[in-house]
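Structural overview
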Amino acid sequence: MGRVGTALRELRGAQKSAKGVSLYSRFVNRPAGRYLAAGAYALGLTPNQVTLVSAAFSFAAVAAVALAAPSWGLGVAVWAALAVGFAFDSADGQLARLRGGGSAAGEWLDHVVDAAKLTALHACVLIAFHRFPEAYGTGSDGWLLVPLGFQFAAVVTFFGGLLTEKLKPKPAPGSPAAAPSTLRAVALLPVDYGVFCLVFLLLGGGTLFRWAYAGLGAVAALFLLAFLAKWFRELSAVRR
């Protein structure tokens with residue numbers, strides 16, 4: 001426990017800004033990732049190895065959605081694997097900071113895994129809707145467009161957010177960080193990946209999952225429009 005305790009104390013003072021982060025990520029996922037990062041540090045794991053652990057949990061859940069008939073037990077297992085994978089996704093960056101900083105290759109690997117996970121998850125929901133139409137009530141081909149639309153909104157939001165952060169000027173060294181907004185943190189909950197994972201607890205409900213998933217997809221599309229307008233407005237003031 002000595003190395004773990006020391007790592008936890010150091011990590012508490014080495015957290016990223018909470019600005020623009022939802023309540024789930026701030027108060028659930030990041031703290032869980034902190035404990036996982038401390039454990040990984042004690043075991044001598046590298047950040048890239050933690051990223052691969054995250055990928056293993058996430059893609060196991062993704063495959064289960066596509067291959068297994070929906071049930072309540074499956075829903076709990078899928079949610080748990082996705083949630084653990086998401087916590088390890090937070091842990092790899094925290095472990096990198098604990099070890100003195102990450103690498104360009106590590107950041108690349110992290111983003112590639114995130115993009116692949118996001119794309120594959122919605123693709124596997126589409127496969128599930130096609131393979132088990134009686135369970136999900138997706139006999140109409142129109143329902144197969146829902147995961148495609150959700151995937152489009154999620155991927156464009158992910159890529160647009162990353163690109164915006166790369167193109168925006170970095171704050172001057174030593175400048176005070178903006179205080180996080182609680183209202184914004186609450187407003188972002190519907191598009192937080194950790195909150196999205198909760199919908200898979202409804203897999204056993206069949207049509208209940210379908211409607212909840214479609215509802216989150218509609219919210220994701222609305223947020224995408226708002227994000228695009230915000231990011232374009234912010235970048236319009238940047239001169240290169």
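Just above sits the structure.
All values derive from a computational prediction rather than experimental measurement.

1. Things to note about the pattern of salt bridges
- All chains considered together, the criterion is met by five salt bridges.
- Between E107 and K166 there is a salt bridge, with the nearest N and O atoms lying 3.3 Å from each other. On the criterion of sequence distance, the pair formed by E107 in helix α5 (residues 104–131) and K166 in helix α7 (residues 145–167) is long-range, its members being 59 residues apart.
- The class of E107 is partly exposed, set by a relative accessible area of 40%.

2. Things to note about the packing of aromatic side chains
- Tallied over the entire structure, the rule returns 17 aromatic pairs.
- With centroids separated by 6.4 Å and ring planes inclined at 5°, the aromatic side chains of Y24 and F86 adopt a geometry described as stacked. On the criterion of sequence distance, the pair formed by Y24 in helix α2 (residues 23–43) and F86 in helix α4 (residues 72–98) is long-range, its members being 62 residues apart. An identical accessibility class is assigned to Y24 and F86; each is buried.
- Centre to centre, the rings of F196 and F200 are 5.5 Å apart; their planes meet at 80°, and the pair counts as edge-to-face. Each member of the pair, F196 together with F200, is buried.
- Among the aromatic residues, ring-to-ring pairing joins Y24, F86, F129, Y136, F150, Y193, F196, F200, F209 and Y213 into one connected group.
- For K117, the ring lying beneath its charged end belongs to Y193, and the centroid distance is 4.6 Å.
- Between the NZ or CZ atom of R210 and the centre of the ring of W143, over which it lies, the distance is 4.3 Å.

Definitions and limits used
Residues numbered from 1 in each chain as written. Predicted model: local features only at pLDDT ≥ 70, side-chain atom pairs only at ≥ 80, totals over all residues. Heavy atoms only, no water. Salt bridge = Lys/Arg side-chain N within 4 Å of Asp/Glu carboxyl O. Helix = DSSP H or I, 4+ residues; strand = E, 2+ residues; numbered from the N terminus. Buried < 20%, exposed > 50% of the residue type's maximum accessible area, 1.4 Å probe, protein only. Phe/Tyr/Trp six-rings, centres within 6.5 Å; stacked < 30°, edge-to-face > 60°. Lys NZ or Arg CZ within 6 Å of the ring centre and 35° of its normal.

Purely geometric stuff here, so don't read any function into it on its own.
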